[in-house]
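One-letter residues, chain by chain:
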Amino acid sequence: MSWEHLVIIPILSLLMLAHEFGHFFVARRVGVVVQEFGFGLPPRLVGVRWRGVVYSLNAIPFGAFVRMIGEEDPSEPGSFARQSRLARAAILVAGPAMNLLLAVAFFALTYMVGWPTPTRTHVEVLEVAAGSPAATSGLQPGDVIVAVQGQPLARLDDFQQRTRQRLGEPVELLVERGGERLTVTVVPRADPPEGEGPMGVRVQGRVLEVRPQPYPALPSLWYGFLRTVQVVEMTLLAPVLLLQGVVPAEVLRPVGPVGIAQVATQAAEFVAETGWWYPLLTVTATVSAGLAVANLLPLPALDGGRLLFVLIEAVRRRRVAPETEGAFHFVGIVVLITLMLLISYYDVVSPVGPVEWAP
């Protein structure tokens, strides 16, 4: 087994560590007694006590945890359950919030080291409107536009922008037709009929080459934020898109740890082959954002499920019995583990297909 197959372990461990650190940090700030903050799962290998907290390194190098006093027992001084509703809600939200921040950071890092950007694109003519400047110049469906005014095209946008910059002026196009190259001169009109562009053509871009394009730090942070918002939106809208038939079911299939590991392995193999880091970084960022959304769902045993009880308490003006809440979360854990095992089984018998990281 190569390192690419094991890359999912540090990825998930990092995401869980960030998640638990969010809980830990806010819990300490509001006065909750934290007994242990651990990396990995027990048995413990080594532990260091500092300022009343045991910081431990554990034998199973996967995940992290925070052990607080009285998570469901408000009778203990300094316990989580004894805090105000606002404090408990802040502790619960802090974990998913850290995952969202981590997603922004990894997407931003992806832009800084090089976001995949088309560097060479050909524009194929699909349709030519009768009587249009394109038809008058002899441009035909099937022609492939290679360059405009002698300049190659990096993106489809380049073709559109360059023609709009020369409305009413001759535009020289380098065109491939039947294996030959020829020059066609078109004069794009400034006031085209409705439904037609300046040239009167319908086109599509064919990307021929993609290269990582580094971005400065500040724009990268902004783009990282926007990418994170897009992932959250897509995750929340997935059921609606599925019901509407906009996206096929196989695209939105639930993926468990096994499926995530399969995608991460493909990303790591791409990195090893090309040296481009964006697949692995984007996988990490996407999983982190997805983990944040999943944890905020109002399901038992998740942060969202615990937030639901805080909300119920706020509406009722009295706390739900700790025994009732504990039983609710216990049943939820059993159900979630069962679902996770079923999804993982499906990931094994029907693995995630190959991912196209670059055209």
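Read on for an overview of the structure. In this text, all values refer to a predicted model and were calculated from it rather than measured experimentally.

**Focus: the side chain of Thr-282**
Mapped onto the secondary structure, Thr-282 falls in helix 7 (residues 278-295). For Thr-282, a relative accessible area of 13% corresponds to the buried category. Looking at Thr-282, its side chain comes within polar contact range of the main-chain oxygen of Tyr-278, at 2.7 Å. Not counting the four nearest positions on each side in its chain, Thr-282 is found in contact with Phe-107, Thr-110, Trp-115 and Trp-357.

**Some remarks on the pattern of salt bridges**
Oppositely charged side chains can pair when the atoms bearing their charge come close. Under the criterion given, the structure shown has eleven salt bridges. In this structure, the salt-bridge partner of Arg-44 is Glu-36, at a minimum N-O distance of 3.1 Å. Accessibility expressed as a relative area gives 44% for Arg-44, which makes it partly exposed. Here Arg-155 makes a salt bridge to Asp-158, at a shortest N to O gap of 3.2 Å. For Arg-155, a relative accessible area of 33% translates into the label partly exposed.

**Comments concerning the pairing of strand 4 (residues 144-148)**
For strand 4, the buried fraction is high: five of the five residues fall into the buried class. Relative to strand 4, strand 3 (residues 115-128) is paired through two bridges, and the arrangement is antiparallel. Its bridge partner being in strand 4, Val-123 is matched across the sheet by Ile-145. Summarising the sheet, strand 4 and strand 6 (residues 171-177) pair through four bridges and their orientation is antiparallel. Among the inter-strand pairings, Ala-147 is bridged to a residue of strand 6, identified as Leu-174. Two strands pair when backbone bridges link them, and strand 4 and strand 5 (residues 151-152) are joined in this way by two bridges, in the antiparallel orientation. Directly across from Val-148, in strand 5, lies its bridge partner Gln-151. Once strand 4 ends, the chain turns through two residues before running back antiparallel as strand 5, passing Gln-149 with a positive phi of about 55°.

**Considerations on the pairing of strand 7 (residues 180-186)**
Put simply, side chains in a regular strand alternate between the two faces of the sheet. Sheet topology places strand 6 next to strand 7; seven bridges connect them, and they run antiparallel. Paired with Glu-176 across the two strands is Arg-181, which belongs to strand 7. Connecting the antiparallel pair strand 6 and strand 7 is a turn made up of two residues, with Gly-178 showing a positive phi of about 60°.

**Digging into the nonpolar core**
Generally speaking, nonpolar side chains in soluble globular proteins are found buried as a group. By size, the foremost hydrophobic cluster in this structure holds 29 residues, and its most contacted members are Val-7, Ile-11, Leu-15, Ala-264, Leu-280, Val-283 and Trp-357. Elements represented by at least two residues in this core include exactly helix 1 (8-30), helix 2 (85-114), helix 6 (257-274) and helix 7. Counting 17 residues, the second largest nonpolar core, distinct from the first, contains Ile-145, Val-148, Leu-173 and Val-175.

**Looking at the side chain of Asp-143**
Secondary-structure assignment places Asp-143 in the loop between helix 3 (133-137) and strand 4. Among the polar contacts listed, one links the side chain of Asp-143 to the backbone nitrogen of Gln-140, at a separation of 2.8 Å. Here Asp-143 is in contact with Val-123, Glu-124, Val-125, Gly-138, Val-175, Glu-176 and Arg-177, once residues within four sequence places are set aside.

**Notes on the packing of aromatic side chains**
All told, the structure shown has 16 aromatic pairs when counted by the stated rule. An angle of 80° between the planes, with centres 5.9 Å apart, marks the rings of Phe-24 and Tyr-55 as edge-to-face. Here Phe-24, found in helix 1, pairs with Tyr-55, found in strand 2 (residues 53-68); they are 31 residues apart in sequence, far enough to count as distant. Seen in terms of ring centroids, Tyr-111 and Tyr-215 are 5.3 Å apart; in terms of plane orientation they differ by 85°. Their pairing is edge-to-face. Taken together, the positions of Tyr-111 in helix 2 and Tyr-215 in the loop between strand 8 (201-213) and helix 5 (217-244) put the pair 104 residues apart, joining distant regions of the chain. Within the aromatic cluster, the residues linked to one another by ring pairs are Phe-21, Phe-24, Phe-25, Phe-37, Trp-50 and Tyr-55.

**Quick notes on helix 4 (residues 156-164)**
Taken together, the buried positions of helix 4 are Asp-158, Phe-159, Arg-162 and Thr-163. One face of helix 4 carries all of its buried residues, which in axial projection span an arc of 120°. For helix 4, the elements touching its buried residues are strand 3, strand 4, strand 5, strand 6 and strand 8.

About the criteria used
Residues numbered from 1 in each chain as written. Predicted model: local features only at pLDDT ≥ 70, side-chain atom pairs only at ≥ 80, totals over all residues. Heavy atoms only, no water. Helix = DSSP H or I, 4+ residues; strand = E, 2+ residues; numbered from the N terminus. Buried < 20%, exposed > 50% of the residue type's maximum accessible area, 1.4 Å probe, protein only. Polar contact = N/O pair within 3.5 Å; in protein donor to acceptor, adjacent residues only side chain to side chain. Contact = heavy atoms within 4.5 Å. Salt bridge = Lys/Arg side-chain N within 4 Å of Asp/Glu carboxyl O. Pairing = 2+ DSSP bridges. Core = buried A, V, L, I, M, F, W, Y, C linked by side-chain atoms within 4.5 Å. Phe/Tyr/Trp six-rings, centres within 6.5 Å; stacked < 30°, edge-to-face > 60°. Arc of directions from axis to C-beta.

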